[in-house]
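# Tertiary structure, described
Next come the chains, spelled out residue by residue.
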Amino acid sequence: MEETKIFLITYFAALLGVVPPGLVNMTVAKTCLEQGKKNGLYVAAGASFVVIFQALIAILLVKYIFDNPFVKNILLRAGLVIFLLLTIYFYVQARRGTHMETHSKKANTNSIFKGVLVAVLNLFPIPFFCALAAGLNIGGDVDYHITFILLFIIAASLGTFTTLYFYVVSFLKIEEKTEMFSKYSNYFMAALMLVLVIITFIRIFLS
């Protein structure tokens, strides 16, 4: 039961984390527009593969941090500030509205490599997954064993791929509604970040 909870929470957090327009999902969407859905799918697969390693780095960092009370307290307070800033950022972006660029460029046939490259350049998932892994251990009783780690990184990768796949199959249909889509996805992310602020605050209070 605990394993199922870990998998589902991580999966949906990763899924929602990629919804707002950003470097990776906009690269997927742009590739679909310029080179077709197949190449867009390859970009999504390459990016999701990199997430495995980003989530692994994140959870190993958290494992070390939770074994070190001093570093743990610093991280929790830093995480509180980061999530608060992200809440404000996503809210401001939602209020402003975001326009998705779809300029035509020369096709890049190595789409998997493109997905890997943009995912490597996108460093946001590491602190995001760090905070998520810490949030899963609110009571301080989670053992970061091999099963937990495997479930976490697989769920993170699958959640990311699910959203990117949605971009592949749906972006051509929602292209005319990108501003509305961006606005409400940013509101949703602002709400998610606010939830993480509350969780982190509780964690600090209980520690």
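Refer to the structure presented above.
A quick note: this is a predicted structure, and the numbers were derived from the prediction, not measured.

## Here we look at the overall build of the protein chain
- For the protein chain, the helix and strand inventory stands at 8 helices and 0 strands.
- Ordered by position in the sequence, the α and β elements of the protein chain form the string α-α-α-α-α-α-α-α.
- Across the 207 residues in the protein chain, those meeting the buried criterion constitute 45%.
- In the protein chain, 88% of the contacts between residues at least 6 apart in sequence involve partners at least 24 apart.
- Total accessible area computed for the protein chain in this model is approximately 11200 Å², and 70% of it derives from carbon and sulfur atoms.

## Here's the deal with helix α6 (residues 125-135)
- Judged by how many residues are buried, α6 sits mostly within the fold: 10 of 11 residues are covered.
- Of the positions making up α6, those classed as buried are Pro125, Ile126, Phe128, Phe129, Cys130, Ala131, Leu132, Ala133, Ala134 and Gly135.

## As for the packing of aromatic side chains
- The final tally for this structure, using the stated rule, is 8 aromatic pairs.
- Between Phe129 and Phe152, the ring centres sit 6.0 Å apart and the planes meet at 80 degrees, which makes this aromatic pair edge-to-face. With a gap of 23 residues between them, Phe129 in helix α6 and Phe152 in helix α7 (residues 146-174) connect regions that are remote in the sequence.
- The class of Phe152 is buried, set by a relative accessible area of 0%.
- Among the aromatic residues, those joined into a ring-pair cluster are Phe128, Phe129, Phe148 and Phe152.

## What to know about helix α5 (residues 111-121)
- When α5 is considered as a whole, its buried residues turn out to be Ser111, Lys114, Gly115, Val118 and Ala119. Projected down its long axis, α5 shows its buried positions confined to an angular sector of 130 degrees, all on one face.

## A look at the environment of Pro127
- Within the secondary structure layout, Pro127 lies in helix α6.
- Once the C-alpha coordinates of Pro127 and Val62 are considered, the two residues, 65 residues apart in sequence, prove to be 10.0 Å apart.

## Topic: the nonpolar core
- By size, the foremost hydrophobic cluster in this structure holds 29 residues, and its most contacted members are Phe83, Phe129, Phe152 and Met193.
- Contributions of two or more residues to this core are made by α1 (2-17), α3 (37-66), α4 (69-96), α6, α7 and α8 (178-206).
- Filtering out sequence-adjacent residues up to four positions away, Phe129 remains in contact with Ala14, Val51, Ala55, Ala58, Phe152 and Ala156.
- Core analysis: the second largest hydrophobic core is formed by 15 residues, Val18, Met26, Ala47 and Val168 among them.

## Section: the environment of Leu41
- In this structure, Leu41 sits in helix α3.
- Apart from the residues lying within four places of it in its own chain, the contact partners of Leu41 are Phe161, Tyr165 and Val168.

## What to know about a nonpolar patch on the surface
- A grouping of Val81, Leu84, Leu85, Ile88, Tyr91 and Val92 is seen on the molecular surface, where their side chains present a nonpolar patch of about 540 Å² in accessible area.
- Relative to the helices and strands, Ile88 resides in helix α4.
- We classify Ile88 as partly exposed; its relative accessible area is 47%.

The rules behind each value
Residues numbered from 1 in each chain as written. Predicted model: local features only at pLDDT ≥ 70, side-chain atom pairs only at ≥ 80, totals over all residues. Heavy atoms only, no water. Helix = DSSP H or I, 4+ residues; strand = E, 2+ residues; numbered from the N terminus. Buried < 20%, exposed > 50% of the residue type's maximum accessible area, 1.4 Å probe, protein only. Contact = heavy atoms within 4.5 Å. Areas by Shrake-Rupley, 256 points an atom, 1.4 Å probe, with all protein chains shown as cover. Phe/Tyr/Trp six-rings, centres within 6.5 Å; stacked < 30°, edge-to-face > 60°. Arc of directions from axis to C-beta. Core = buried A, V, L, I, M, F, W, Y, C linked by side-chain atoms within 4.5 Å. Patch = residues over 30% accessible without salt bridge, like charges linked within 9 Å, V, L, I, M, F, W, Y side chains within 5 Å. Salt bridge = Lys/Arg side-chain N within 4 Å of Asp/Glu carboxyl O.

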